Amino acid sequence: MRTPDTDQPHPARVYDYLLGGACNFAADRAFAERLIAAMPGAPTAAKINRAFLRRAVRAALDLGVTQFLDLGSGIPTVGNTHEAAPGAKVVYVDHDPIAVAHSRDVLAEVPDARIVAADVRDGEAVLAGARELLDFDRPVAVLAVAILHFLDDAAAALAPYRSVMAPGSVLAMTHATRDAENTGVDEARRLYSGSGMPSYARTKAEVSALFEGMSLLPPGVVWTNQWRPETADETDPTSSVAYGAVGHLA
Ligand code: SAM
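Residues numbered from 1 in each chain as written. Predicted model: local features only at pLDDT ≥ 70, side-chain atom pairs only at ≥ 80, totals over all residues. Heavy atoms only, no water.

- Per an unreviewed UniProt entry, the protein goes by the name SAM-dependent methyltransferase and belongs to Actinokineospora guangxiensis.

**Side note on the site of the ligand**
So, point 1. Taken together, 20 residues are adjacent to the ligand, and Tyr15, Arg50, Gly72, Asp94 and Val145 come closest.
So, point 2. Between the ligand and His95 there is a distance of 3.4 Å, counted from a nitrogen atom to a backbone nitrogen or oxygen.
So, point 3. Within the side chain of Asp119, a nitrogen or oxygen atom sits 2.9 Å from a nitrogen atom of the ligand.
So, point 4. Bound to the protein, the ligand loses 97% of the 600 Å² it would expose on its own.
So, point 5. Broken down by secondary-structure element, the contributors of at least two residues to the shell around the ligand are α1 (11–18) and α3 (42–62).
So, point 6. Classifying every residue of the shell around the ligand by side-chain character gives nine nonpolar, six polar and five charged. (Near = heavy atom within 4 Å. Polar contact = N/O pair within 3.5 Å; in protein donor to acceptor, adjacent residues only side chain to side chain. Areas by Shrake-Rupley, 256 points an atom, 1.4 Å probe, with all protein chains shown as cover. Helix = DSSP H or I, 4+ residues; strand = E, 2+ residues; numbered from the N terminus. Nonpolar A, V, L, I, M, F, W, Y, C, P; charged D, E, K, R; others polar.)

**Side note on the pairing of strand β1 (residues 67–71)**
The side chains of a regular strand alternate between both faces of the sheet.
So, point 1. With respect to burial, β1 is a largely interior element, five of its five residues being buried.
So, point 2. The alternating pattern of β1 places Gln67, Leu69 and Leu71 and Phe68 and Asp70 on opposite faces, both of which are buried.
So, point 3. Where β1 lies against strand β2 (residues 89–94), five bridges are found, and the strand directions are parallel. Of the residues in β2, the one forming a bridge with Asp70 is Tyr92. (Buried < 20%, exposed > 50% of the residue type's maximum accessible area, 1.4 Å probe, protein only. Pairing = 2+ DSSP bridges.)

**A look at the pattern of salt bridges**
So, point 1. Within the structure shown, the criterion is met by ten salt bridges.
So, point 2. Among the ionic pairs, Arg189 bridges to Asp186, the shortest N-O distance being 3.9 Å. Remark: Asp186 and Arg189 occur in helix α8 (residues 185–194); sequence separation between them is three residues, near one turn of the helix.
So, point 3. The exposure class of Arg189 is partly exposed, given its relative accessible area of 26%.
So, point 4. Residue Glu187 pairs with Arg190 through a salt bridge whose shortest N-O separation is 3.1 Å. Note that Glu187 and Arg190 are positioned in helix α8 at a spacing of three residues, about one turn of the helix.
So, point 5. For Glu187, a relative accessible area of 33% gives the class partly exposed.
So, point 6. The class for Arg190 is exposed, based on a relative accessible area of 54%. (Salt bridge = Lys/Arg side-chain N within 4 Å of Asp/Glu carboxyl O.)

Here's what the structure looks like:
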């Protein structure tokens, strides 16, 4: 695993700061403040994203899926997958050493969850680690929540996971987009790129294509806070700056 470079901001810790977490460093906080100046809705978007994760986990449980592969799982915070799905088997994956170390701490006493320290683009390594806990002959829920927009070829990154998903499996995703105007997302992407964290906004059509061969659970590919909201949400849907969707493999 890489040594943490805490002098440079990292998406895992910037996201932690946006969520109000304490697992971030001066460089992350300085970057996040510049991000918020450019995109005042960034903390709201982070919270909307995190709330989607919990709803998507429950949708998978409702379909009888009790195994989860959480790609780019991040620094543990409120509502982690194993907490949203008690009793399920959960494999977290992240490449940030700080996220991995904190996950190990949090999971030390959780027998049915573990963290694989790997780059999600290395499907072979991730799946080798995941197979120690997950049975890919049975349905699995692959969570790709706020991760694919950090990857230049999202379809290629997903391919190894798509290839081992048994019928009945689920793919849950959020993905940043610049489909709406005046959200600050372009400026945010410039900031991320300028700090060595390139990101890739995708259109609704491009996000939908990542579910090819699956049926989409209603309501399909929508602004993240419009995906099965649990309370009346007065927030402008575009403030999520991301699409959310859950696919189901027949
Ligand atoms: N999935 C969590 C959520 O939605 O609440 C965390 C999302 S956070 C914005 C993105 C996470 O993806 C970070 O923890 C980052 O370290 C991780 N990440 C980014 N690129 C990655 C890669 N190539 N391999 C593994 N993890 C990656």
